[in-house]
Amino acid sequence: MATRRKRSNELDAADRNAMPAGAYAFPRLRKEPLNDASHVRNAIARFDQVRDASDAERQEAFRRIRRAAAKYDVEMTADRWQDLGKPSATMRSSDKAKSRDQLYAEAKRRNIRGRSTMTKDQLARAING
């Protein structure tokens, strides 16, 4: 049987189970790991998709994500948890004017993983994530 080679930023079930709850944006739910820049960008982009989290848990998750973003040098423009996971006004206006090739070049400059398979909208979210 062929085995799939694991990318450095992928977490399998064993990796996730070995992580302490405090390594997640939402510790009680064990959702959105914050172990590297790629996962921090993902937590920002998917923040509003997490279900069964109270407002207090979202506020704490926002603080955790902001700390992790600073640690891994991930740009984060949101000032409130209510704005995470939603496209920003600047993304809607400036990035829609850019071509996919321009967005791809920016993603390459920032070393965003998975960029070659992303659509224009996904590239814009990853850059602004």
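Keep in mind it's a predicted model, so treat the numbers as computed, not measured.

## Side note on the layout of surface pockets
Of the volumes computed, that of the second largest pocket is approximately 160 Å³. Sorting the residues of the lining of the second largest pocket by element identifies helix H2 (37–46) and helix H6 (120–128) as the ones contributing at least two each. Residue classes in the lining of the second largest pocket are distributed as six nonpolar, one polar and four charged.

## Focus: the environment of Phe47
Assignment of secondary structure puts Phe47 in the loop between H2 and helix H3 (55–71). Residue classification places Phe47 among the buried positions, given a relative accessible area of 1%. The spatial distance from the C-alpha of Phe47 to the C-alpha of Leu84 is 5.9 Å, given a sequence separation of 37 residues. Dropping the residues within four chain positions of it, Phe47 is found in contact with Phe26, Arg58, Ala61, Phe62, Ile65, Trp81, Leu84 and Gly85.

## Considering the packing of H2 against H3
Axis separation between H2 and H3 bottoms out at 9 Å; the angle between their running directions is 145 degrees. Read as a crossing pair, H2 and H3 show a hand that is left-handed. Between H2 and H3, the residues in contact are Val40, Ala43 and Ile44 and Ile65, Ala68 and Ala69, respectively. When grouped by side-chain class, the residues that make up the contact of H2 with H3 number six nonpolar, no polar and no charged.

What counts and what doesn't
Residues numbered from 1 in each chain as written. Predicted model: local features only at pLDDT ≥ 70, side-chain atom pairs only at ≥ 80, totals over all residues. Heavy atoms only, no water. 1 Å grid on protein atoms, 1.4 Å probe; cavity = no way out; pocket = protein on both sides within 12 Å on 5 of 7 lines; lining within 4 Å. Points joined across faces, edges and corners; volume = space filled by probe spheres on them. Helix = DSSP H or I, 4+ residues; strand = E, 2+ residues; numbered from the N terminus. Nonpolar A, V, L, I, M, F, W, Y, C, P; charged D, E, K, R; others polar. Buried < 20%, exposed > 50% of the residue type's maximum accessible area, 1.4 Å probe, protein only. Contact = heavy atoms within 4.5 Å. Axes fitted to C-alpha atoms, helices over the stretch in contact; angles between N-to-C directions. Left-handed = near helix turned anticlockwise from the far one by under 90°.

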